[in-house]
Amino acid sequence: FWMDLFTVFPWDLIGFSSIRAVQFCRLLRMVRLVRVIKLCNRWHSRVGISYAMLNITKCAALTLGVLHWITCAWGWVALSSADGDVETWLTKYLGDNFDERPYVGASDVYSLAMYFSVMTLP
């Protein structure tokens, strides 16, 4: 707990602005990853999941993570360019009456971007 608190504390706000020292403090937090890996290995040996199932689960989690990031990036491209007269995939999809449509929420854009990401995922 104390290491986490120490590494996420905003030291630059209280005048401790040495960037190398702050980066070193945050690097200390990476030491905890070793403990997490050991904990995962211990859990794997207790539960007894086969390595095939573990690899499938890792692959699925990695695919979903990458899919989420691609979706967020694709949605950001549409929303960041939609302010001006630039035509984006979102304005093209919604048609000519983009400004007259009812509110298009973030979940709608995310769903559309997710659909595109899934369909184009290699």
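Caption draft 1: Region of the structure containing the overall build of the protein chain. Each helix and strand counted, the protein chain has six helices and zero strands in total. Among the 122 residues that make up the protein chain, the fraction classed as buried is 15%. Put simply, of all contacts in the protein chain between residues at least 6 apart along the chain, 45% involve residues at least 24 apart. Roughly 10100 Å² of accessible area belongs to the protein chain as shown, and the carbon and sulfur atoms make up 67% of that amount.

Caption draft 2: Focus on a nonpolar patch on the surface. A cluster of nonpolar side chains, namely Leu27, Met30, Leu33 and Val36, defines an oily patch on the protein surface of about 370 Å² accessible area. Here Leu27 is to be found in helix H2 (residues 19-29).

Caption draft 3: Layout of the packing of aromatic side chains. Evaluated as defined, the whole model comprises one aromatic pair. Here the aromatic rings of Trp74 and Phe116 are separated by 4.7 Å at their centres, their planes lie at 10°, and the arrangement is stacked. Of the two residues, Trp74 is situated in helix H4 (residues 51-81) and Phe116 in helix H6 (residues 106-120); the sequence distance between them amounts to 42 residues.

What counts and what doesn't
Residues numbered from 1 in each chain as written. Predicted model: local features only at pLDDT ≥ 70, side-chain atom pairs only at ≥ 80, totals over all residues. Heavy atoms only, no water. Helix = DSSP H or I, 4+ residues; strand = E, 2+ residues; numbered from the N terminus. Buried < 20%, exposed > 50% of the residue type's maximum accessible area, 1.4 Å probe, protein only. Contact = heavy atoms within 4.5 Å. Areas by Shrake-Rupley, 256 points an atom, 1.4 Å probe, with all protein chains shown as cover. Patch = residues over 30% accessible without salt bridge, like charges linked within 9 Å, V, L, I, M, F, W, Y side chains within 5 Å. Salt bridge = Lys/Arg side-chain N within 4 Å of Asp/Glu carboxyl O. Phe/Tyr/Trp six-rings, centres within 6.5 Å; stacked < 30°, edge-to-face > 60°.

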